[in-house]
Amino acid sequence: MENVGITVMKSLEAGSLLDADRSPFGVALTPIQCIHYAMDRPAVGSVLVGVHNAAEIIEACRYEQASAKERDYSVLLASTPQFSLKGRCMYCNHCLPCPQHINVAQVNKLLDLARSSRQVPGTVQAHYDALERHGGDCIACHACESRCPFGVAIAGNMKQAAQVFGK
């Protein structure tokens with residue numbers, strides 16, 4: 001035993017766990033359920049929760065006073081069909097190196113954030129613009145796809161990122 005605590009990041013999977021259509025479970029979870037699931041993992045000492053607005057901060061903070069029923073995620077997960085992460089980028093960087101030097105995980109992350117909004121938030125666009133290389137720089141060599149353990153259609157995502165972000 002090393003007495004090392006773990007901090008969980010991406011506990012809401014960029015908001016996709018809160019949306020039944022984008023959740024790998026096919027059902028929407030609440031922020032409280034997501035936090036509790038992460039906190040239930042061995043050695044987890046803290047959970048980082050990304051938010052889009054003040055209301056989401058307040059909802060995440062409710063975890064401290066949430067009842068056992070509000071925290072219970074088992075009913076939702078037990079009743080969902082088998083799920084798969086196939087085709088979902090986990091931002092693991094196994095796809096690298098890219099011959100065009102595209103930060104594939106970062107482009108996918110920003111594309112996922114843009115997909116979760118009705119319009120591309122200015123901060124997401126600014127982060128994309130700040131990248132040295134963009135989705136439009138992809139030559140569709142598919143080398144990244146052969147290395148991806150999740151079977152993500154990366155070349156297609158790069159093309160879509162170029163359309164969404166304009167380069």
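Up top you'll find the structure we're talking about.
**What about unusual backbone geometry?**
Omega for the bond connecting Leu-96 with Pro-97 falls within 30 degrees of zero, at 5°, which places this linkage in the cis form. Note on placement: Pro-97 falls in the loop between helix H4 (74-78) and helix H5 (104-115).

**Let's talk about the pattern of salt bridges**
Side chains bearing opposite charge may pair, as long as their charged atoms lie close to each other. Per the counting criterion, the structure on display carries 7 salt bridges. The closest approach of N and O atoms between Glu-59 and Arg-62, which form a salt bridge, is 3.2 Å. You can call Glu-59 partly exposed: its relative accessible area is 24%. Among the residues examined, Arg-62 registers a relative accessible area of 33% and is labelled partly exposed. A single salt-bridge network, built from bridges that share partners, covers Glu-59, Arg-62 and Glu-70.

**Quick look at helix H8 (residues 154-165)**
Between its first and last C-alpha, H8 extends 16 Å over 12 residues, near the 16 Å set by a 1.5 Å rise per residue. Of all the positions in H8, only Ile-154, Ala-155, Asn-157, Met-158, Ala-161 and Phe-165 are classed as buried. For H8, the arc enclosing every buried residue in end-on projection is 160°, short of the 170-degree limit, so these residues lie on one face. Projecting away from the buried face of H8 at angles above 90 degrees are the exposed residues Lys-159 and Gln-163. Buried residues in H8 make contact with H5, helix H6 (122-130) and helix H7 (143-147).

**What to know about the packing of H5 against H6**
With their axes 10 Å apart at the nearest point, H5 and H6 run at an angle of 160° to one another. Overall, the two elements H5 and H6 adopt an arrangement that is roughly antiparallel. By crossing handedness, the relation of H5 to H6 is classed as left-handed. Seen from H5, the contacting residues are Val-107, Leu-110, Leu-113 and Ala-114; seen from H6, they are Val-124, His-127 and Tyr-128. Tallied by class, the residues present in the contact of H5 with H6 amount to 6 nonpolar, 1 polar and no charged.

**Regarding the packing of H5 against H8**
Viewed as axis vectors pointing N to C, H5 and H8 meet at an angle of 55°, and their least axial separation amounts to 10 Å. With respect to H8, the element H5 is oriented oblique. As H5 runs across H8, the sense of the crossing is left-handed. Facing H5, whose interface residues are Val-104, Val-107, Asn-108, Leu-110, Leu-111, Ala-114 and Arg-115, H8 presents Ile-154, Asn-157, Met-158, Gln-160, Ala-161, Val-164 and Phe-165. Here the residues of the contact of H5 with H8 sort into 10 nonpolar, 3 polar and 1 charged.

**What about the packing of aromatic side chains?**
Summed over all chains, the structure comprises 2 aromatic pairs. An angle of 85° between the planes, with centres 5.2 Å apart, marks the rings of Tyr-37 and Tyr-73 as edge-to-face. Placement of the pair is Tyr-37 in helix H1 (residues 31-39) and Tyr-73 in the loop between helix H3 (68-71) and H4, with a sequence separation of 36 residues.

**As for the environment of Ala-153**
In this fold, Ala-153 is placed in the loop between H7 and H8. Measuring from C-alpha to C-alpha, the distance between Ala-153 and Gly-87 comes to 6.6 Å, with 66 residues separating the pair along the chain.

Rules and cut-offs
Residues numbered from 1 in each chain as written. Predicted model: local features only at pLDDT ≥ 70, side-chain atom pairs only at ≥ 80, totals over all residues. Heavy atoms only, no water. Helix = DSSP H or I, 4+ residues; strand = E, 2+ residues; numbered from the N terminus. Salt bridge = Lys/Arg side-chain N within 4 Å of Asp/Glu carboxyl O. Buried < 20%, exposed > 50% of the residue type's maximum accessible area, 1.4 Å probe, protein only. Expected span 1.5 Å × (residues − 1). Arc of directions from axis to C-beta. Contact = heavy atoms within 4.5 Å. Axes fitted to C-alpha atoms, helices over the stretch in contact; angles between N-to-C directions. Parallel < 35°, antiparallel > 145°, perpendicular 65-115°, else oblique. Left-handed = near helix turned anticlockwise from the far one by under 90°. Nonpolar A, V, L, I, M, F, W, Y, C, P; charged D, E, K, R; others polar. Phe/Tyr/Trp six-rings, centres within 6.5 Å; stacked < 30°, edge-to-face > 60°.

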